[in-house]
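Given next are the chains, with one letter for each unit.
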Amino acid sequence: MNVNIEESWHRQLSSEFEKPYFSSLVQFVRQEYAAGPCYPPGRLIFNAFNSTPFEQVKVVILGQDPYHGPGQAHGLCFSVNDGVEFPPSLKNIFQEIQAETGAPIPSSGNLTRWAKQGVFLLNTCLSVRAHQAFSHSGQGWETFTDAVIHHLSKDRDNLVFMLWGAPAGKKAALIDSSRHLILRSAHPSPLSAYRGFFGNHHFELCNQYLVQHGKEPIQW
């Protein structure tokens, strides 16, 4: 199947695109987008891949499914378009970065600036029906993104995986902890941020690890 995705990722994932589950997933997603509003816009479903080529990934942040309100999602987990009010989880992420690094809260919630530095902002599920969280789960996206994590673990070295919340934490089983740094904590959602996300020092620990392995730290 010809999938419009950045070339280095296409080389890694070409076998996934030929599997029956992926054909069924594509059919489902096309039907959903034809039936009514879905997010992100179709051309941005693979934005995380197109923004951060396979060989440039240094950090993986794992989200769940895209924001389901108008104008928010643009294919990078936790990120919103310029000019969009920060969702609560993103607000808490910026608050933790400020506490760790002293960096001011940015004016924009668009995390493309991270993606261009090698932060792969991957949602477990890459699409969603408007106003219905998890409406595209269980259709094959999870199988696909598990394969993505497996390829990163197997074919790259010294990556940092940030796994926030229980669903993301389960993905640790896909990652070779002898080759990569796995950082786990509570999710930045207001429901759980005070139970271990705040004060997790993930952004500092990430940069320390990158520097130790001869990589440029991320400008959070």
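Predicted, not measured: the structure shown is a model, and the values here were computed from it.

### Overview of the packing of helix α2 (residues 20–35) against helix α6 (residues 141–155)
Describing two packed helices takes the angle between their axes plus the distance from one axis to the other. Between α2 and α6, the shortest axis-to-axis distance is 9 Å and the interhelical angle comes to 125 degrees. Classified by the angle their axes make, α2 and α6 are oblique. Considering how the two elements wind past one another, α2 and α6 form a crossing that is left-handed. Taken together, the residues of α6 that come into contact with α2 (itself represented by Tyr 21, Phe 22, Leu 25 and Val 29) are Trp 141, Thr 143 and Phe 144.

### Remarks on α2
With 16 residues, α2 extends 23 Å from end C-alpha to end C-alpha; this agrees with the ideal 22 Å at 1.5 Å per step. Within α2 the residues assigned to the buried category are Tyr 21, Phe 22, Leu 25, Val 26, Phe 28, Val 29 and Glu 32. Mapping the buried residues of α2 onto a view down its axis gives an arc of 165 degrees, with all of them on the same face. The exposed residues of α2 that point more than 90 degrees off its buried face are Pro 20, Arg 30, Ala 34 and Ala 35. Its buried side turned inward, α2 meets α1 (7–17), β1 (38–39), β4 (128–129) and α6.

### Focus: the nonpolar core
Phe 49, Ile 61, Trp 114, Phe 144 and Trp 220 are the most contacted members of the largest nonpolar core, which totals 69 residues. Per element, the largest residue contribution to this core is six residues, and it comes from α2. If we ignore the near neighbours within four places in the chain, the residues touching Phe 49 are Ile 5, Glu 6, Trp 9, Leu 13, Phe 120, Leu 122, Leu 126, Phe 144 and Val 148.

### As for the pattern of salt bridges
Here the structure, examined in full by the defined rule, presents seven salt bridges. With a closest N to O distance of 3.6 Å, Glu 55 and Arg 11 form a salt bridge. In this pair, Glu 55 is assigned in the loop between α3 (47–51) and β2 (59–63) and Arg 11 in helix α1, connecting sequence segments 44 residues apart. On the basis of relative accessible area, Glu 55 is assigned to the partly exposed category, the value being 48%. Where Glu 32 meets Arg 129, a salt bridge forms, and the shortest distance between an N and an O atom there is 2.7 Å. Of this pair, Glu 32 sits in helix α2 while Arg 129 sits in strand β4, and the two are 97 residues apart along the sequence. Taking relative accessible area as the criterion, Glu 32 reaches 14% and is therefore assigned buried. Because the salt bridges share partners, they merge into one network encompassing Glu 7, Arg 11 and Glu 55.

Criteria and cut-off values
- Residues numbered from 1 in each chain as written.
- Predicted model: local features only at pLDDT ≥ 70, side-chain atom pairs only at ≥ 80, totals over all residues.
- Heavy atoms only, no water.
- Axes fitted to C-alpha atoms, helices over the stretch in contact; angles between N-to-C directions.
- Helix = DSSP H or I, 4+ residues; strand = E, 2+ residues; numbered from the N terminus.
- Parallel < 35°, antiparallel > 145°, perpendicular 65-115°, else oblique.
- Left-handed = near helix turned anticlockwise from the far one by under 90°.
- Contact = heavy atoms within 4.5 Å.
- Expected span 1.5 Å × (residues − 1).
- Buried < 20%, exposed > 50% of the residue type's maximum accessible area, 1.4 Å probe, protein only.
- Arc of directions from axis to C-beta.
- Core = buried A, V, L, I, M, F, W, Y, C linked by side-chain atoms within 4.5 Å.
- Salt bridge = Lys/Arg side-chain N within 4 Å of Asp/Glu carboxyl O.

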